[in-house]
Amino acid sequence: MDKNGGPVQNYDFFLVLDFEATCESSVRISPQEVIEFPCLKVNAKTFKIESEFHHYVRPVHHPTLTSFCTELTGIIQETVDESEPFPAVLARFEAWHAAELPADSRALFLTYGDWDLKTMLPNQCRLSGVPLPPFMRSWGNVKHLCADVRGSWPRGMDRLMKELGLPLIGRHHSGIDDCRNIARIVELMCRRGAVVSETGSLGSESGARNH
Ligand code: AMP
Ligand code: MG
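(A) Up close: the nonpolar core. Among the nonpolar cores identified, the biggest contains 28 residues, and Phe 14, Val 16, Leu 110, Val 142, Ile 185 and Val 186 are the most heavily contacted of them. Of all the secondary structure elements, the ones that give two or more residues to this core are β1 (13–17), β3 (34–43), β5 (107–111), α5 (142–150), α6 (157–164) and α7 (175–191). Those residues in contact with Val 142 that lie beyond four places of it in its chain are Leu 110, Thr 111, Tyr 112, Ile 182, Ile 185 and Val 186. Counting 26 residues, the second largest nonpolar core, distinct from the first, contains Phe 19, Ala 21, Leu 90 and Phe 109.

(B) Fine view of the site of ligand 1. Residues in contact with ligand 1 amount to 14 residues; listed here are only the nearest, Asp 18, Glu 20, Ala 21, His 173 and Asp 178. Within the contact set of ligand 1, an oxygen atom lies 2.6 Å away from a side-chain nitrogen or oxygen of Glu 20. Within the contact set of ligand 1, an oxygen atom lies 3.2 Å away from a side-chain nitrogen or oxygen of Asp 178. Its free accessible area being 480 Å², ligand 1 has 68% of it covered by the protein chains. With respect to the detected pockets, ligand 1 is housed in the largest pocket. Of all the secondary-structure elements, those providing two or more residues to the shell around ligand 1 are β2 (20–21) and α1 (67–73). Among the elements that make up the shell around ligand 1, the one with the highest residue count is α1 (3 residues).

(C) How the structure looks around the packing of α6 against α7. Following both chains from N to C, one finds α6 and α7 inclined at 40°, their axes separated by 11 Å at the closest point. Accordingly, the angle class assigned to the pair α6 and α7 is oblique. Where α6 crosses over α7, the handedness of that crossing is left-handed. Across from Met 157, Leu 160, Met 161 and Leu 164 in α6, the residues of α7 making contact are Asp 178, Asn 181, Ile 182, Ile 185, Leu 188 and Met 189. When grouped by side-chain class, the residues that make up the contact of α6 with α7 number 8 nonpolar, 1 polar and 1 charged.

Analysis parameters
Residues numbered from 1 in each chain as written. Chains lettered and ligands numbered in written order. Predicted model: local features only at pLDDT ≥ 70, side-chain atom pairs only at ≥ 80, totals over all residues. Heavy atoms only, no water. Core = buried A, V, L, I, M, F, W, Y, C linked by side-chain atoms within 4.5 Å. Buried < 20%, exposed > 50% of the residue type's maximum accessible area, 1.4 Å probe, protein only. Helix = DSSP H or I, 4+ residues; strand = E, 2+ residues; numbered from the N terminus. Contact = heavy atoms within 4.5 Å. Near = heavy atom within 4 Å. Polar contact = N/O pair within 3.5 Å; in protein donor to acceptor, adjacent residues only side chain to side chain. Areas by Shrake-Rupley, 256 points an atom, 1.4 Å probe, with all protein chains shown as cover. 1 Å grid on protein atoms, 1.4 Å probe; cavity = no way out; pocket = protein on both sides within 12 Å on 5 of 7 lines; lining within 4 Å. Sits in = over half its atoms within 2 Å of the grid points. Axes fitted to C-alpha atoms, helices over the stretch in contact; angles between N-to-C directions. Parallel < 35°, antiparallel > 145°, perpendicular 65-115°, else oblique. Left-handed = near helix turned anticlockwise from the far one by under 90°. Nonpolar A, V, L, I, M, F, W, Y, C, P; charged D, E, K, R; others polar.

So this is what it looks like as structure tokens:
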């Protein structure tokens, strides 16, 4: 038992990440591109947010956001127009990661679902022609934590938060607000006894395709 009331975790930090991407209501935009890149460094003992990375990203294949996308995410055209394209933002993220995480620290990315690091990041890196950072090849899916504690697989994050009695911070589908809400879900699940573990990773063959 940790002195904060939950089990001892096998990590020093959780990196809570939640991409937003170009989208349309009834059709799948192809290629889909990241437009918001937020990540919170959460202390795995105290659950305090110790550092925040947050940049918007300018899409290059479909530079004009749909009104559906703006309504869903709250991200407006001027914001992405003024932002850097993905390779520059990823380079900033790698620098933040190197500065924030000592080489011997144990950190795990946490996402709500598998899409962010299994699908979106490899696709975006391939599209942008940049190597996928090796430290972004594995993650924990927070839905597993919820299923372990509650005995049922959760659906939408907004519905889950209602069921947990957690007030939704900010706006659902804003990447940075989603991160803050995911961090609160993680904290609650851990205090209720969950032990965080890696649930997904990219195979070595997909690494070759992704540089
Ligand atoms: P989320 O993390 O749930 O906010 O979603 C990540 C991305 O998935 C969004 O930025 C959209 O590109 C896409 N997405 C989420 N919900 C929808 C939806 N209802 N219709 C179309 N795309 C969506
Ligand atoms: Mg989101």
